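# Residue-level structure breakdown
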Amino acid sequence: MEHDFRFNTLAVRSGQHRTNEGEQGEPIFTTSSYVFQSAAEAAAVFSGQQPGNIYSRFTNPTVRTFEQRLAALEGGERCVATASGMAAIMSSCMALLNSGDHMVSSRAIFGSITVLFSDHLSRFGIETSYVAPSDLDAWERAIQPDTRLLFVETPSNPMAEIADITALAELAHSHDCLLVVDNCFCTPALQLPLAMGADIVIHSATKYIDGQGRAIGGAVIGGEEHLDKVFGFLRTAGPCMSPFNAWVFLKGLETLRLRMDAHSASALELARWLEQRSQVKRVHYSGLPSHPQHELAKRQQKAFGGVLAFELQGGKEAAWHLIDSIRMISITANLGDTKSTITHPATTTHGRLTPEVRTSAGISDGLVRIAVGLEDISDIKADVETGFRD
Ligand SMILES: *Cc1c(COP(=O)(O)O)cnc(C)c1O
């Protein structure tokens, strides 16, 4: 039945199971365990002969509603919710890889993911090679006989590089690998990686799915075969989503398309305005015709999202001056909030990288990132304006 509905309807309606109280909203099941009618029923549910809830580390009705709703929006068979975006990535790697396996990853991924791959998974014999996300030849060259997984985030943070999901899926499958896409920046409102051939979609629900900066959570979406393994790992290892957070994210999903369209429209306006400014050397936003993968972004995304970065002529001094002059935009590294945020990547999110690695990733000292919120765009522009030095 749900396949007949369009995105905005699925976002509001799918996954809801009403209790006998006739409630209109989704209830929050704050219970750690579940009661059985009889010893025989307990035995049947524990043995898997009968479906049912046992313990909220495994399943919880509020969490299940969130999982079913997000799976419907991403067009995936199944979703497993996790305690954070990082838990979603860790659970996927632990469930789908073995010691001795190799991964190829975009080098432009969320910083903690690089640390997870390079410092932690490597201790269990899983090695990772890094490539530029938009360089298909580099991806192909990095694949080894023991490569099992390709990992990409598109658009990338903060440089808005775009990876070709369809081409990467073909490359992955021709080498018997899985393609995992971190869809955090676009969300299913703007980009559907599974429909383009990806095997697994990862989310940090902390960002646009919540959309209001309230809770930490994550999700893994994909086919039953892979997701059953992810669920098997999660129920034993324990990085499960709390029912309260699942309820917060459910409410977030209901307005996802509206918010993503508004974030995208304001970010595009800000990007065009910044591009005209003499103090700005370059703007990195896939919605601009000057972006090297603008055509690809137009093909694979419905819009260009809410995050942009720009380089100031005056280097670090001008960047810090701008950040310190603004009155409204929050100085914080988070994104996907109703409130606009501003950050200086070279000294915060990417500050632990060596200067050489930072330079090769294009993150100069004059680079500033703004995650455009839902305030009036004129006020956002006026705030940035106060930070320009002539
Ligand atoms: C924030 C983020 C993550 C990690 O998610 P958490 O919820 O903070 O654990 C993963 N990928 C991307 C692209 C992110 O922005």
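Predicted model, so just to flag it, every value in this text is computed and none were measured.

## A few points about the site of the ligand
- Inspection of the region around the ligand gives 13 residues, with Met 86, Asp 182, Ser 204, Thr 206 and Lys 207 positioned closest.
- Here a nitrogen atom of the ligand sits 2.6 Å away from a polar atom, N or O, in the side chain of Asp 182.
- Thr 206 is positioned such that a nitrogen or oxygen atom in its side chain is 2.6 Å from an oxygen atom of the ligand.
- Surface burial for the ligand is 93%, taken as the share of its 380 Å² of free accessible area covered by protein chains.

## Description of the packing of aromatic side chains
- For the coordinates displayed, the defined rule picks out seven aromatic pairs.
- Aromatic pair Phe 66 and Phe 249: ring centres 5.8 Å apart, planes at 45°, arrangement tilted. Of this pair, Phe 66 sits in helix 3 (residues 61-74) while Phe 249 sits in helix 10 (residues 243-254), and the two are 183 residues apart along the sequence. Of the two residues, Phe 66 and Phe 249, both sit in the buried class.
- Aromatic side chains Phe 244 and Trp 247 sit 6.0 Å apart centroid to centroid with 35° between the ring planes, which places their arrangement in the tilted category. Taken together, the residues span about one helical turn, with Phe 244 and Trp 247 both in helix 10 at a distance of three residues.
- Look at Phe 244 and you get partly exposed, because its relative accessible area is 45%.
- For the cation-ring pair, Arg 235 lies above Phe 58, with the distance from its terminal atom to the ring centre recorded as 3.9 Å.

## A closer look at the domain arrangement of the protein
- Considered domain by domain, the protein is made up of domain 1 (2-254) and domain 2 (257-385).
- With 32 residues of domain 1 at the contact, the number on the domain 2 side is 36 residues.
- Among the residues domain 1 hides against domain 2, the three largest losses belong to Met 159, Leu 190 and Tyr 208. Together they make up 27% of the total.
- Counting every contact that joins domain 1 to domain 2 gives zero salt bridges.
- On the surface where domain 1 and domain 2 come into contact, there are 12 residue pairs in polar contact (both at pLDDT 80 or more).
- Going through the elements one at a time, helix 1 (7-13) and helix 8 (187-190) are the ones with two or more residues in the side of domain 1 that touches domain 2.
- Looking at the side of domain 1 that touches domain 2, the element that brings in the most residues is helix 8, giving three residues.

## Some details on helix 5 (residues 111-120)
- For helix 5, the complete set of buried residues consists of Ile 113, Leu 116 and Phe 117. Taken down its axis, helix 5 places every buried residue within 90° of arc, on the same side.
- Close packing links the buried residues of helix 5 with helix 4 (85-96), strand 2 (102-106), strand 3 (127-131), strand 4 (147-153) and strand 5 (178-182).

## Regarding the side chain of Arg 257
- Residue position: Arg 257 is located in helix 11 (residues 256-275).
- Buried charged residue Arg 257 carries no salt bridge. Nearest counter-charge: Asp 261, at 4.6 Å.
- Excluding anything up to four places from it in sequence, Arg 257 contacts Phe 7, Asn 8, Ala 189 and Lys 302.

## A closer look at empty space enclosed by the protein
- Using the criterion set out here, one finds one cavity of 30 Å³ or more in the structure.
- The space that makes up the largest cavity amounts to roughly 80 Å³.
- When grouped by side-chain class, the residues that make up the lining of the largest cavity number seven nonpolar, five polar and no charged.
- Domain assignment of the residues forming the lining of the largest cavity places at least three in each of domain 1 (2-254) and domain 2 (257-385).

## Let's talk about the packing of helix 4 against helix 9 (residues 224-237)
- Where helix 4 contacts helix 9, the axes come no closer than 8 Å and their chain directions differ by 110°. When the interaxial angle is binned, helix 4 and helix 9 end up roughly perpendicular. Side by side, helix 4 and helix 9 meet where Met 90, Ser 91, Ser 92, Met 94, Ala 95 and Leu 96 of the first sit next to His 226, Lys 229, Val 230, Phe 233 and Leu 234 of the second.
- The class makeup of the residues in the contact of helix 4 with helix 9 is seven nonpolar, three polar and one charged.

Parameters at a glance
- Residues numbered from 1 in each chain as written.
- Predicted model: local features only at pLDDT ≥ 70, side-chain atom pairs only at ≥ 80, totals over all residues.
- Heavy atoms only, no water.
- Near = heavy atom within 4 Å.
- Polar contact = N/O pair within 3.5 Å; in protein donor to acceptor, adjacent residues only side chain to side chain.
- Areas by Shrake-Rupley, 256 points an atom, 1.4 Å probe, with all protein chains shown as cover.
- Phe/Tyr/Trp six-rings, centres within 6.5 Å; stacked < 30°, edge-to-face > 60°.
- Helix = DSSP H or I, 4+ residues; strand = E, 2+ residues; numbered from the N terminus.
- Buried < 20%, exposed > 50% of the residue type's maximum accessible area, 1.4 Å probe, protein only.
- Lys NZ or Arg CZ within 6 Å of the ring centre and 35° of its normal.
- Domains from an automatic or database assignment.
- Contact = heavy atoms within 4.5 Å.
- Buried area = accessible area lost by both parts, 1.4 Å probe.
- Salt bridge = Lys/Arg side-chain N within 4 Å of Asp/Glu carboxyl O.
- Arc of directions from axis to C-beta.
- Lys, Arg positive; Asp, Glu negative; His and termini not counted.
- 1 Å grid on protein atoms, 1.4 Å probe; cavity = no way out; pocket = protein on both sides within 12 Å on 5 of 7 lines; lining within 4 Å.
- Points joined across faces, edges and corners; volume = space filled by probe spheres on them.
- Nonpolar A, V, L, I, M, F, W, Y, C, P; charged D, E, K, R; others polar.
- Axes fitted to C-alpha atoms, helices over the stretch in contact; angles between N-to-C directions.
- Parallel < 35°, antiparallel > 145°, perpendicular 65-115°, else oblique.

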